[in-house]
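Analysis of the macromolecular model
The lines below spell out each chain.
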Protein chains: 2
Amino acid sequence: MDDAPAKGRNGTRTTGVMSAIRARVAGRALGPGDRLPSIRGLAATMGVSPSTVVEAYDRLAAEGLIRARRGSGFYVSPSVMPPLALTDAEPRRDRAVDPFWVSRQSLDADESVLKPGCGWLPPDWMPEDALRRAARALARTDASVLTNYGSTSGSPALRRLLLKRLAEDEIETSVNQLMLTGSGTQATDLICRFLLRPGDTVLVDDPCYFNFRALLRAHQARIISVPYTPSGPDIARFEQVLGSERPRLYITNSALHNPTGATMSLQTAHRLLTAAAAHDLTIVEDDIFGDFEPERSPRLAALDGLNRVIRIGSFSKTLSASVRCGYIAGRADWIEQLVDLQVATSFGGPSPVATDIIANVLAGGGYRKHMDELRRRLTRTRRDVARKLQALGIEPWLMPRGGFFLWCRLAGRQDATAMARAALEEDVVLAPGNVFSVSQTAQNFMRFNVAHMSEPRIWDVLRRALKAA
Amino acid sequence: MDDAPAKGRNGTRTTGVMSAIRARVAGRALGPGDRLPSIRGLAATMGVSPSTVVEAYDRLAAEGLIRARRGSGFYVSPSVMPPLALTDAEPRRDRAVDPFWVSRQSLDADESVLKPGCGWLPPDWMPEDALRRAARALARTDASVLTNYGSTSGSPALRRLLLKRLAEDEIETSVNQLMLTGSGTQATDLICRFLLRPGDTVLVDDPCYFNFRALLRAHQARIISVPYTPSGPDIARFEQVLGSERPRLYITNSALHNPTGATMSLQTAHRLLTAAAAHDLTIVEDDIFGDFEPERSPRLAALDGLNRVIRIGSFSKTLSASVRCGYIAGRADWIEQLVDLQVATSFGGPSPVATDIIANVLAGGGYRKHMDELRRRLTRTRRDVARKLQALGIEPWLMPRGGFFLWCRLAGRQDATAMARAALEEDVVLAPGNVFSVSQTAQNFMRFNVAHMSEPRIWDVLRRALKAA
């Protein structure tokens, strides 16, 4: 910003100082509650007399932009900020390739658009028959399930089912440590609301799930990252960053990490928890892909006993993304506060209609069989797609033990963002590396969803997009 | 807080200063980012030397509680705050009668508990058959509706139906000014996230819906209120408060206000909007009870043309509180940002399963008939319950034109909170006046839900509770 006094319509030095301060507030160089430069300091910087700055500050205070605090100077008023804009508003196709890009393009795409960049399975991979049976059962259930708000922690029947499933991961917990939420994302959001204040530092993996970045922007958090390796975060860097940056929270997937498909090793998990204890770090472990593992890997929540680890999850990847429901397992005293926070912000947890459908599908014996089939089908599909990608010079960074993502390096050092833009012109949504990268160092990586790559057209588009990039 | 140096275990003046600062942070007298007292000022206040304060500040900085900013003093670190506690954790029955009290007691009550304090209709007042038909239709719908995330703004079919209904309220708007949300509360919450920063001032009615108070606590807003009259907020006070307090936002119900059942007059609406324009106030108009009106009253959103008024609503009171869905109608540029915010915090809008059910019920011709019947039944029930309450010396503040609430004065000047506590001991949840009152001036008011008062036991309990209070 140029601090020289502006020669505005009335040409005075006072309005010049006022414009300079307004510009700093508009550009967020000065936030609500921030202290304004000292009168002498700004007078010297702008080459005006202190009395000019005093007059400018008084007039800005009369306008309400700033406030004087007795004996301590001037501060930006708490209420002057423009609304929270997470992104610039842009026409759809031309929008910036930012952490919102993949969500927008894939959630709002019509049927004709192919989506190897999306983060969910196609309908014909989901337990359609079980869901239809659950909908028919819903039509016959108690009127209160169809019409009433649910309880503040969510369906007791579904919570009991979840406790059993958590026990299979060696997470022994009780019903007062478990609450249901509107979705997995809402679970993370509630925890962030509970633990974070604007400006707090949060640590994520690099790369990480792009919506962690979008969510943390909404919380006005300072986001830092540590490189992810095939066995979890780079633990030496992790320990170092905890000391130097003192993050309040670390958000990660421990099993089948998004986007890499990597799984944290037991040794990394242990060192990570030791470092977390030394620096009083809280960890959100998002286990959304856990059921895709061929055999269970160790969970941070199991090692830690839900002390400083908060476990979240949902059914969006395995059962239905339409029937929205997530959960949080954590310290009982935190859960109690999180339940209140959910009442205040959503008036209760997930829809009883949703939890009825999910409990129905989970309680019917078909869920295990569905997951067994899904894992087998995905093993084959990952292998086939990896081979076809390799033929194009697109190399998986590792072969995941499970799940539907392949995190790949473009061998030709093409720019993945340019490639995604080119593919979108042909109605194919890709997920370019940098939407997952806080450090913006994944420009020649791409995440592929192997379950969305059976259409031959995708491969033609990929070939052309590789050339275009 | 006592500023005298504490004589702690090591008895030094330095630790005394450190304790004093820690206590101010713990008690939130100093928030994250706040500037600490000047070294000379605190030294004088506490009767210690400036070098003692310097040492205390240096040690607190080494601990991470505070941070030095070059040339501008010491500030509380952004990340030191304890988690956001909206309420004190207490055992269920003994919990404080605060804005969460009615929600907790009525949402988590089991079947044996009677709830004349709750804010929804009993299952047998809801369109049960239509909901069962919609569930059966859901069982036959496209697999993608059952399994996929929805679009970021929510079901186009339901939005088209809503546009028609808004037009009946003389709110002419377009599809890019309308988004669906997870619930009406989530709609308000998204708007608050978008427009508010901690410390911002928000104006509500006195009395107002208790969860507005809970929600605004979660946003760390400064809450102020203006008395509500039978024709809307006391408009002279409203105008005065806008000038003196400069609230950022006003949240209200314009038709069948909760809890009073009053409806804003056209003249009040006009003066209110004129004052809002003069002070650049944004208004959230929650129209959740609008369909209960016998004939439509003027809406702020209609007068204003969705310029500074944001209209929200849901189907929880008329159709189902279990099938969760709300909506926001507002300025197109704000809706675009709110959609992003909803992606970041919920990964999309309401469940497609939910919007499919609601669109199905609304599109079937039965909804109008259901509402006609509901209004007739409520007119009779309001009259009958009012008569029985009057016999106990409980006097409706006004007879509402519609809806299921009666806001009543306890003629004997009993304390409504004590009465609610006594009733809860007998498994009856009441809604005492002060949970609705920012100014805590409604201690001898009570909100009754007439649809939940047919059980004779309620009247026995009321009689005993009146005596106990």
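Criteria and cut-off values
- Along each chain, the written sequence defines residue order, and numbers are assigned to residues from 1.
- To read the labels, note that chains go from A and ligands from 1, taken in the order they are written.
- The predicted origin of the model limits local features to residues at a pLDDT of at least 70 and limits the giving and counting of side-chain atom pairs to 80 or more, whereas totals for whole chains, interfaces and linings rest on all residues.
- Only heavy atoms go into the side-chain values, all of them from the structure, while hydrogens and water stay out.
- Least-squares fitting of one copy onto the other uses the C-alpha atoms of those residues that reach a pLDDT of at least 70 in both copies.
- Contact criterion: two residues are considered in contact whenever any of their non-hydrogen atoms come within 4.5 Å of each other.
- A domain assignment, automatic or from a database, supplies the domain bounds used here.
- The way it works is that DSSP assigns letters per residue, a run of H or I at least four long becomes a helix, a run of E at least two long becomes a strand, and they are numbered from the N terminus.
- Helices are assigned an expected span. That span is 1.5 Å times one less than the residue count.
- Accessibility here uses a 1.4 Å probe with only protein chains present; expressed as a share of the type maximum, an area under 20% marks a residue as buried, one over 50% as exposed, and anything in between as partly exposed.
- Strand pairing requires that DSSP identify at least two bridges connecting the strands.
- Computed with a 1.4 Å rolling probe, the buried area is the accessible surface lost when two parts are put together, summed over both parts.
- When a carboxyl oxygen of Asp or Glu is within 4 Å of a side-chain nitrogen of Lys or Arg, the pair counts as a salt bridge.
- Here pLDDT means the predictor's own confidence in every residue, given as a number from 0 to 100.
- Charged residues are defined narrowly, with Lys and Arg counted positive, Asp and Glu counted negative, and His plus the chain ends left uncounted.
- For the purposes of these results, a polar contact is taken to be a pair of N or O atoms within 3.5 Å, where, inside protein, one atom must be able to donate a hydrogen and its partner to accept one; residues adjacent in sequence count only when each atom of the pair is a side-chain atom.
- Each Phe, Tyr or Trp ring (for Trp, its six-membered ring) is paired with any other whose centre lies within 6.5 Å, and the angle between the two planes then decides the class: stacked below 30 degrees, edge-to-face above 60, tilted in between.
- Any Lys NZ or Arg CZ found within 6 Å of a ring centre and within 35 degrees of that ring's normal is scored as a charge over the ring.
- Each patch groups residues whose relative accessible area exceeds 30% and which form no salt bridge, using 9 Å between like charges and 5 Å between nonpolar side chains of Val, Leu, Ile, Met, Phe, Trp and Tyr.
- All accessibility values rest on the Shrake-Rupley procedure with a 1.4 Å probe; residue burial counts only the protein chains present in the view.
- We put the charge of a Lys on NZ, of an Arg on CZ, of an Asp on CG and of a Glu on CD.
- Axis definition: a line fit to C-alpha positions, over the contact stretch in the case of helices; interaxial angles, taken between N-to-C directions, run 0 to 180 degrees.
- For any pair of crossing helices, the crossing counts as left-handed if the nearer helix is rotated counterclockwise from the farther one by less than a right angle, and right-handed if it is rotated clockwise.
- Classification used: nonpolar for Ala, Val, Leu, Ile, Met, Phe, Trp, Tyr, Cys and Pro, charged for Asp, Glu, Lys and Arg, polar for all others including Gly.
- Disulfides are defined as pairs of cysteine sulfur atoms found within 2.5 Å of each other.

Taken as rigid bodies, chain A and chain B are interconverted by a rotation of 180 degrees and an axial shift of 0.0 Å, the fit giving an RMSD of 0.2 Å. These values place the two chain copies in the arrangement generated by a two-fold rotation axis. Comparing interface residues between copies, 99% of those in chain A also lie at the interface in chain B; the contact surface is shared.

The domain architecture assigned to chain A consists of domain 1 (13-76), domain 2 (101-124 + 368-468) and domain 3 (126-364). Distance from the C-alpha centre of domain 1 of chain A to the C-alpha centre of domain 2 of chain A: 51 Å.

In this section: helix H8 (residues 184-195) of chain A. Residues and elements named next belong to chain A. Compared with the 16 Å implied by 1.5 Å per residue over 12 residues, the 17 Å span of H8 between its first and last C-alpha is a close match. Across the 12 residues that make up H8, a large majority, 12, are buried. Three or more residues of H8 are buried, namely Gly184, Thr185, Gln186, Ala187, Thr188, Asp189, Leu190, Ile191, Cys192, Arg193, Phe194 and Leu195.

The next subject is the sheet that holds strand S11 (residues 394-396) of chain A. Residue and element names in this part refer to chain A. With antiparallel pairing, 4 strands are arranged side by side in an open sheet as S11-S12-S14-S13. If you trace the sheet from one side to the other, it starts and ends with S11 and strand S13 (431-432), each paired once. Bridging between S13 and strand S14 (residues 445-449) involves 2 bridges; their strand directions are antiparallel. Paired with alanine 431 across the strands is arginine 447, a residue of S14.

Before going further, it helps to examine the interface of chain A and chain B. When the parts come together, some accessible area is lost, and that loss is often what is quoted as the size of the interface. Facing the 91 residues of chain A at the interface are 91 residues of chain B. Buried area between chain A and chain B, both sides added, is near 7600 Å², and the carbon and sulfur share of it is 54%. Per-residue buried area on chain A facing chain B is highest for Tyr149(A), Arg197(A) and Phe347(A); these three make up 10% of the total on that side. The interface formed by chain A and chain B holds 4 salt bridges in total.

Attention now moves to the environment of Thr185(B). Within the secondary structure layout, Thr185(B) lies in helix H8 (residues 184-195). A C-alpha to C-alpha distance of 36 Å links Thr185(B) and Ala391(B), two positions 206 residues apart in sequence.

On to helix H15 (residues 366-391) of chain B. Residues and elements named next belong to chain B. End to end, H15 covers 38 Å across 26 residues, agreeing with the expected 38 Å (1.5 Å per residue, within 8%). Those residues of H15 that fall on the buried side of the exposure criterion are Tyr367, His370, Met371, Leu374, Leu378, Thr381, Arg382, Val385, Ala386 and Leu389. In this structure, the buried residues of H15 make contact with helix H7 (156-168), helix H14 (352-363), strand S11 (394-396), strand S12 (405-410), strand S14 (445-449) and helix H17 (456-468).

Averaged over chain A, the pLDDT score is 90; the fraction of residues at 70 or greater is 93%. Contacts from residues 1-11 of chain A, a stretch scored under 50 in pLDDT, to residues over four places away or in other chains number 13 contacts.

With respect to the helices and strands, Lys317(A) occurs in the loop between strand S9 (309-314) and strand S10 (326-329). Buried within the structure, Lys317(A) lacks any salt-bridge partner; Asp286(A) is the closest side chain of opposite charge, at an N-O distance of 8.3 Å. At 2.9 Å, the side chain of Lys317(A) and the side chain of Tyr149(B) are in polar contact. With residues near it in sequence (within four places) discarded, Lys317(A) still touches Gly119(A), Leu121(A), Met126(A), Ile288(A), Phe289(A), Phe292(A), Phe404(A) and Tyr149(B).

Now for the pattern of salt bridges. Residues and elements named next belong to chain A. Summed over all chains, the structure comprises 46 salt bridges over all chains. We note a salt bridge from arginine 299 to glutamate 293, for which the minimum N-O separation is 3.2 Å. Glutamate 293 is the salt-bridge partner of arginine 401, the closest N and O atoms lying 2.9 Å from each other. Separated by 108 residues along the polypeptide, arginine 401 in the loop between S11 and strand S12 (405-410) and glutamate 293 in the loop between strand S8 (282-286) and helix H12 (300-304) bring together distant segments of the chain. Look at glutamate 293 and you get buried, because its relative accessible area is 2%. Each of Arg165, Asp169, Asp287, Asp291, Glu293, Arg296, Arg299, Arg311 and Arg401 takes part in one network of salt bridges that share partners.

Time to look at the packing of aromatic side chains. In total, this model carries 30 aromatic pairs over all chains according to the counting rule given. When the ring of Tyr209(A) is compared with that of Phe347(B), the centres are 6.4 Å apart and the planes differ by 50 degrees; the resulting orientation is tilted. In this pair, Tyr209(A) is assigned in the loop between strand S4 (201-206) and helix H9 (210-218) and Phe347(B) in the loop between helix H13 (332-346) and H14, connecting two distinct chains. Taken as a pair, Tyr209(A) and Phe347(B) share a single burial class, namely buried. An angle of 70 degrees between the planes, with centres 4.8 Å apart, marks the rings of Phe404(A) and Phe405(A) as edge-to-face. Among the residues examined, Phe404(A) registers a relative accessible area of 1% and is labelled buried. What makes Phe405(A) buried here is its relative accessible area of 5%. Members of the aromatic cluster, each reached through a chain of ring pairs, are Trp120(A), Tyr209(A), Phe210(A), Phe212(A), Trp407(A), Phe436(A), Phe445(A), Tyr149(B) and Phe347(B). Sitting over the ring of Trp125(A), Arg377(A) keeps its end group 3.8 Å from the ring centre.

Let us now look at unusual backbone geometry. Cis geometry is found at the peptide bond from Asn258(A) to Pro259(A), where omega equals 10 degrees. Tracing the backbone shows Pro259(A) in the loop between strand S7 (249-252) and helix H11 (266-278). Even without being glycine, Arg413(A) reaches a positive phi, approximately 60 degrees. You can see Arg413(A) is positioned in the loop between S12 and helix H16 (416-425). Accessibility expressed as a relative area gives 62% for Arg413(A), which makes it exposed. Residues other than glycine seldom take positive phi values, yet Glu170(B) does so here, at roughly 60 degrees. Of note, Glu170(B) is situated in the loop between H7 and strand S3 (178-181). Glu170(B) sits in the exposed class, given a relative accessible area of 65%.

As a further point, take a positive patch on the surface. A surface patch of like charges, here positive, comprises Arg376(A), Arg377(A), Arg380(A) and Arg383(A). Relative to the assigned elements, Arg383(A) resides in helix H15 (residues 366-391).

With that settled, the discussion passes to the side chain of Thr201(A). Residues and elements named next belong to chain A. Its place among the elements puts threonine 201 in strand S4. The buried category is assigned to threonine 201, whose relative accessible area is 4%. Not counting residues up to four positions away in its chain, the partners in contact with threonine 201 are Arg222, Ile224, Glu245, Pro247, Arg248 and Leu249.

With that settled, the discussion passes to the environment of Val385(B). Assignment of secondary structure puts Val385(B) in helix H15. Separated by 63 residues in the primary sequence, Val385(B) and Phe448(B) place their C-alpha atoms 9.1 Å from one another.

Let's shift gears to the packing of helix H13 (residues 332-346) of chain A against helix H9 (residues 210-218) of chain B. Two elements in contact, H13(A) and H9(B), have axes separated by 8 Å at closest approach and are oriented at 115 degrees. By crossing handedness, the relation of H13(A) to H9(B) is classed as left-handed. For the pair H13(A) and H9(B), the contacting residues are Leu341(A), Val343(A), Ala344(A) and Thr345(A) in the first and Asn211(B), Ala214(B), Leu215(B) and Ala218(B) in the second. Broken down by class, the residue content of the contact of H13(A) with H9(B) amounts to 6 nonpolar, 2 polar and no charged.

Here the focus is the state of the cysteines. Counting across every chain of the model gives 0 disulfides over all chains. Note on Cys325(A): no disulfide assigned, nearest cysteine sulfur contributed by Cys325(B) at a separation of 17 Å. Classification of Cys325(A) by relative accessible area gives buried; the value is 1%. No disulfide involves Cys408(A); its sulfur sits 15 Å from the nearest other cysteine sulfur, which is in Cys118(A).

This part is about the environment of Arg311(B). Residues and elements named next belong to chain B. Inspection of the secondary structure puts arginine 311 in strand S9 (residues 309-314). Overall, the relative accessible area of 2% leaves arginine 311 in the buried class. Spatially, the C-alpha atoms of arginine 311 and isoleucine 235 are 21 Å apart, while their sequence positions differ by 76 residues. Setting aside residues no more than four positions away along its own chain, arginine 311 makes contact with Leu166, Asp169, Ile171, Glu285, Asp287, Arg299, Ala301, Leu306, Tyr327, Ile328 and Ala329. A polar contact of 2.8 Å, which involves the side chain of arginine 311, links it to the side chain of aspartate 169. In this structure the side chain of arginine 311 is engaged in a polar contact, spanning 3.2 Å, whose partner is the side chain of tyrosine 327.

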